[in-house]
Amino acid sequence: MAAVLTRNITKTFNDVAAVNGITLTVPDGEFMVLLGPSGCGKTTFLRIICGLERQTSGDLLIDGNVVNDMPPRARGVAMMFQSYGLYPHYTVRNNIAFPLRTQRVPRAEIEKKVAWAAQLLGIERLLERRPRQLSGGERQRVALARALVREPTALLLDEPLSNLDAKLRASARQEIKLFQQRVGTTTIYVTHDQVEAMGMGDRIAVIDHGKVRQVGTPAEIYDEPADRFVATFVGTPPMNLLSRGGAHLGFRPENFLPKDMIDDGNGGVAEFSFRVDRSEYLGSERIVYGVVEGFDAQVITAKLPPAHVAEDSIRPGEWHPFAVRNGALRYFDQDGKRTSRH
Amino acid sequence: MVEIVEPIATKPASRFRFLLDQRSVLGAVLVTPAILYVLLLVGVPFLLALYYSVSAYTIYDPSWRFVGLANFRQIIHNPAFLETLGNTFLFTFASQLLGLILGKFGALLLLRPFPGRKLVRAIIILPWAVPIALASVAWEWMFDSLYSVINWTMIALGIIDRSQAPNWLGNPHLAMLCVIVVNAWRFFPFAIVIFLAGITAVPQDIIDAATVDGAGFWRRNYQIIMPMILPIVAIGLIFGIVFTFTDLSVVYLLTNGGPIGATSVLGFQGFQVGIVSGDVSHGAAISLFMLPVLFVVVIAMLRFIRRREI
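What counts and what doesn't
- Residues numbered from 1 in each chain as written.
- Chains lettered and ligands numbered in written order.
- Predicted model: local features only at pLDDT ≥ 70, side-chain atom pairs only at ≥ 80, totals over all residues.
- Helix = DSSP H or I, 4+ residues; strand = E, 2+ residues; numbered from the N terminus.
- Rg over C-alpha atoms; globule rule 2.2 N^0.38 Å.
- Buried ≥ 20, exposed ≤ 12 C-beta atoms within 10 Å, placed from the backbone.
- Contact = placed C-beta atoms within 7 Å.
- Pairing = 2+ DSSP bridges.
- Axes fitted to C-alpha atoms, helices over the stretch in contact; angles between N-to-C directions.
- Domains from an automatic or database assignment.
- Nonpolar A, V, L, I, M, F, W, Y, C, P; charged D, E, K, R; others polar.
- Core = buried A, V, L, I, M, F, W, Y, C linked by C-beta atoms within 7 Å.

### Remarks on the overall build of chain B
Broken down by element type, chain B carries 14 helices and 0 strands. The secondary structure elements of chain B, listed N-terminal to C-terminal, are α-α-α-α-α-α-α-α-α-α-α-α-α-α. Taken over C-alpha atoms, the radius of gyration comes to 27 Å for chain B, far larger than the 19 Å a tight globule of 310 residues would show. Overall, chain B is about 105 × 70 × 35 Å in size when its C-alpha atoms are taken along their principal axes. A buried classification covers 29% of the 310 residues belonging to chain B. Put simply, 68% of the contacts in chain B that link residues at least 6 apart link residues at least 24 apart.

Put into structure tokens, the structure is as follows:
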């Protein structure tokens, strides 16, 4: 059964549509990532699910029940905020106990559950501290413990890693993912960071301008983008697009390689003449910027494996024969929608 | 190639040219006027008052004769003084409490968006901004024994009979109520500002988190927001208590301490005895009774704030 189901949800603020008809099904136990640029409506959508905002139209079902007009406390969802929203005047123990107190859970039961949640996240030794005495990573765990302590139907996470530094972020990502797999709570995770989305999501919903552009596994989103937005939003550098009379031909930078690397003489490749303008050496890869003959206006990038392509073989300013395997080519029509071929 | 430029020879700067760039010098220069001001206008009169209180100084007999604690002994045994002391506490704490309650509700109302909110926010500051002498005239007429608009309204609404119309400033208990209400009315815009500042400083994420965690309006207000803004409210309360405890303007303007001393407060009595009657030494002794109380209040509040710091 779907833990969270939305039907054509819209939300307008002063005639501006922040959420413009989102229909989404999140099955029980799934880790769903809402990915989109800032201001695309993903956070508003999350706030609608937890009840902090009322949708302008559309239905919201949690655990099979329509909860359109239910207050947040009756919805059985928990949310973890970008800045964690810990209560600064409470100890960690009281922070975690707070959602239980509001439900009037008996005292002994509260104690048991707080101990359970603290043990789950390994923060037993922090229980008597106050939030300001915790590090960023510890705060995050406390916020997670507080969200999970009442065993919600769905756990909503709003950019939970954006307050951590880059190193901590990688380990926290790992931790949340492992933790979610262990507990099995349905999770909806909002982020604008595609690395988080690709690395953590069972499925990703790519959102732009209040609309879902594509829902799929990370591999589907990356390999089979439904439209030009998804193709260029996901991937660093983004997919190359060559415009041909309004329609577009796309290919990923890592599939755009010197011709002799991929052409075994049996055909099945599309050839391009590529003039290199600039190249960046990033250790594990070399990003090369240039233009393709016949499409002078567009910067095209190629991601080359340094181990296989010597630096002096692709000197700037020269034209080189490059190619893409036909199977790696993607076609988009005038409206930006994916088509099979033309 | 990096080129190293020869430094241009300049005149050696005067030793005093950058004197004001030194923190220690500039700081001292800037803070001196304030220190002088406090020393001359607060420190000296305070020391003078300390000596007056143990002397026999009156304006008719300006001797500096030392009499020890005799003044204090006489005051403590005066029933009128003890009533004044009680009045002062009642006046201070009741008006502060009333002001805080009004302030909290006012702040909650003003936080909600409604048309004309900015105008209302500006108008609500008026009781604080209007000179109390002016406002007291209006209040005096509202409480007037004959022309009271409050009584007139209640009679018109049929709540009370004309014959039972209360004599607001003539009845000792009602007079106390009146000065408390007027003082609370004067103080509550300040309380609103304090509460507004505090509540808007609480991060929205924390309030949202409490909402999702299942807290309703009251729990959000009294278990999350109030404890978080307590330090700033406490500061406001310290100011309120200190100002009210030493204040005599409402009493002086509205009831003149009456009827029969029922609304007399320390500041008022000290003024009456020391300045109006010219008995400076007793006046000083009465006023000095404020000192330990204020001292205790301030110390207690500051300790409390430090403990609750978050």
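### A short note on the sheet that holds strand E7 (residues 154-158) of chain A
All names here are of chain A. Spatial strand order, E6-E7-E8-E3-E9-E10: 6 strands in an open sheet with mixed pairing. Each end of this open sheet is capped by a strand with a single partner; those strands are strand E6 (77-80) and strand E10 (211-216). For this sheet, the mean inter-axis angle between neighbouring strands, taken without regard to orientation, is 20°. In the sheet, strand E3 (residues 31-35) pairs with strand E8 (residues 186-191) via 5 bridges, with the strands oriented parallel. Pairing of Leu 35 across the sheet is with Thr 191, part of E8. Strands E6 and E7 of the sheet are contacted by helix H4 (residues 136-148), whose axis makes an angle of about 170° with E6.

### Considerations on the domain arrangement of chain A
As a measure of interface size, the accessible area lost when the parts come together is often cited. Residues and elements named next belong to chain A. In terms of domains, chain A is made up of domain 1 (2-228) and domain 2 (238-339). Measuring from the centre of the C-alpha atoms in domain 1 to the corresponding centre in domain 2 gives 39 Å. The interface is formed by 4 residues belonging to domain 1 together with 7 residues belonging to domain 2. Looking at the side of domain 1 that touches domain 2, its residues break down into 2 nonpolar, no polar and 2 charged.

### Some remarks on unusual backbone geometry
Residue and element names in this part refer to chain A. The peptide bond linking Thr 236 to Pro 237 adopts the cis configuration, its omega dihedral lying at -10°. Along the chain, Pro 237 turns up in the loop between helix H8 (228-233) and strand E11 (240-244). Even without glycine at this site, Asp 63 takes up a positive phi of about 55°. Locating Asp 63 in the fold gives a position in the loop between strand E4 (57-62) and strand E5 (65-66). Since 18 C-beta atoms lie within 10 Å of it, Asp 63 is described here as partly exposed.

### Re the sheet that holds strand E13 (residues 257-258) of chain A
All names here are of chain A. Reading across the sheet, the 5 strands line up as E13-E17-E14-E15-E16 and stay open at both edges, with antiparallel pairing between neighbours. Unpaired on one side and paired on the other, E13 and strand E16 (295-304) mark the two borders of the sheet. Bridging between E13 and strand E17 (residues 319-325) involves 2 bridges; their strand directions are antiparallel. Across the sheet, Pro 258 pairs through a bridge with Phe 322, a residue of E17.

### As for the environment of B:Asp144
In this structure, B:Asp144 sits in the loop between helix H6 (132-142) and helix H7 (149-156). A C-alpha to C-alpha distance of 7.1 Å links B:Asp144 and B:Trp168, two positions 24 residues apart in sequence.

### Overview of the pairing of E7(A)
All names here are of chain A. With 5 of 5 residues buried, E7 is to be regarded as a mostly interior element. The alternating pattern of E7 places Ala 154, Leu 156 and Asp 158 on one face and Leu 155 and Leu 157 on the opposite face, and all of these are buried. Note: E6 against E7, 4 bridges, orientation parallel. Looking across to E7, one finds that Met 79 is bridged to Leu 156. Of the pairings in the sheet, the one linking E7 to E8 comprises 5 bridges and is parallel in character. Residue pairing across strands places Leu 156 opposite Ile 188, the latter belonging to E8.

### Overview of the interface of chain A and chain B
The partner chain B presents 15 residues to the 18 residues of chain A that form the contact. Contributing elements (two or more residues each) for the side of chain A that touches chain B: E6 and helix H2 (92-102) of chain A. Per-element accounting of the side of chain A that touches chain B gives the leading share, 3 residues, to H2(A). Grouping the constituent residues of the side of chain A that touches chain B by class yields 10 nonpolar, 6 polar and 2 charged.

### Brief notes about the nonpolar core
Most often, soluble globular proteins keep nonpolar side chains buried together rather than apart. Counting 135 residues, the largest nonpolar core has A:Ile49, A:Ala145, A:Leu156 and A:Ile188 as the members making the most contacts within it. Broken down by element, the residue count for this core peaks at 13 residues, all from helix H8 (residues 172-201) of chain B. Of the residues that make up this core, three or more belong to each of domain 1 (2-228) and domain 2 (238-339) of chain A. When near neighbours in sequence (up to four residues on either side) are disregarded, A:Leu156 contacts A:Leu46, A:Ile49, A:Cys50, A:Val77, A:Ala78, A:Met79 and A:Ile188.

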